[in-house]
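Structural features, examined
In case you want the letters, here they are:
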Amino acid sequence: MIDPVLLGRHLHDLRAGRGLALSALAGDAGVSVSMLSAIERGEKTPTVVVLSRIADGLGLPVSRLLADLETDRVIVRRAADQDHVAEPGGWHRTVLTPVVPGVNFEWIRTTLPPGCDAGDFPAYAPGSHEFVAVESGELCLGVGGAEYVLTAGDSVYFPADATHSYANRTGNPCVYHVAALIMRPRENRMTPPRKA
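Just so it is clear, the model here is predicted, and its values are computed rather than measured. (Residues numbered from 1 in each chain as written. Predicted model: local features only at pLDDT ≥ 70, side-chain atom pairs only at ≥ 80, totals over all residues. Heavy atoms only, no water.)

In space, the six strands of this open sheet follow the order β1-β2-β3-β10-β5-β8, with antiparallel pairing throughout. Across the chains shown, the open sheet's two edge strands, defined by having one partner strand only, are β1 (83-86) and β8 (155-159). Averaged over neighbouring strand pairs, the angle between their axes works out to 20° when direction is ignored. Relative to strand β10 (residues 174-181), strand β5 (residues 129-136) runs antiparallel, the two being bridged by seven bridges. Within β10, the position partnered with His 129 by the bridge is Leu 181. (Pairing = 2+ DSSP bridges. Helix = DSSP H or I, 4+ residues; strand = E, 2+ residues; numbered from the N terminus. Axes fitted to C-alpha atoms, helices over the stretch in contact; angles between N-to-C directions.)

Next comes the structure, spelled out in structure tokens:
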């Protein structure tokens with residue numbers, strides 16, 4: 001388990017050692033200044049993607065960034081510590097997975113309200129993978145130029161090195177899970193600003 005206070009101090013020391021202002025590293029990493037500041041104060045534990053972006057901004061691999069910070073091999077992320085994000089358009093996502101050094105994996109639970117289109121998401125780096133499982137409702141998943149309609153209990157795998165999209169075109173909410181193995185952070189989203 002990674003102590004968020006130790007991680008925050010370590011990030012602060014690495015940033016200061018490189019002579020980077022908080023805003024400079026935030027810009028290089030593609031994260032907000034407030035998010036980076038909260039991480040450095042030990043108030044927030046970053047997701048795998050955010051941690052990878054910060055490591056890239058510092059010019060380090062994630063494993064080196066987290067070296068000597070892991071205190072336990074079993075990492076529990078309590079429900080109260082999960083990141084809950086309300087996105088523009090009314091959709092909601094919860095990052096379920098804890099941060100694990102050197103593992104670029106995220107498991108996200110997303111709820112799309114009726115008629116909600118979460119937008120297009122640019123490709124991850126080659127070698128990235130996504131698995132999607134629908135818990136309830138109906139999901140329209142676009143991958144490249146194809147579209148797949150998935151209903152409760154359906155699941156799908158696709159190489160995540162293609163543009164993809166998530167939409168709910170029905171009158172009922174849709175809940176689905178995304179398990180993503182990310183080779184490195186992708187470029188900023190097209191629209192809207194967060195991952196479904």
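If you trace the backbone, Arg 9 turns up in helix α1 (residues 4-17). With relative accessibility at 53%, the residue Arg 9 sits in the exposed group. Sequence separation between Arg 9 and Gly 42 is 33 residues; the distance between their C-alpha atoms is 7.7 Å. (Buried < 20%, exposed > 50% of the residue type's maximum accessible area, 1.4 Å probe, protein only.)

Attention now moves to α1. In a regular helix each residue adds 1.5 Å, so 14 residues correspond to 20 Å; α1 covers 20 Å between its end C-alpha atoms and thus fits that length. Within α1, the full set of buried residues consists of Leu 7, Gly 8, Leu 11, Leu 14 and Arg 15. All buried residues of α1 lie within an arc of 130° about the axis, which places them on one face of the element. Looking at α1, the residues exposed on the side facing more than 90 degrees away from the buried face are Arg 9, Asp 13 and Gly 17. In this structure, the buried residues of α1 make contact with α2 (22-29), α3 (33-40), α4 (48-58) and α5 (62-65). Positive backbone phi, approximately 70°, marks Gly 19, located one or two places after α1. (Expected span 1.5 Å × (residues − 1). Arc of directions from axis to C-beta. Contact = heavy atoms within 4.5 Å.)

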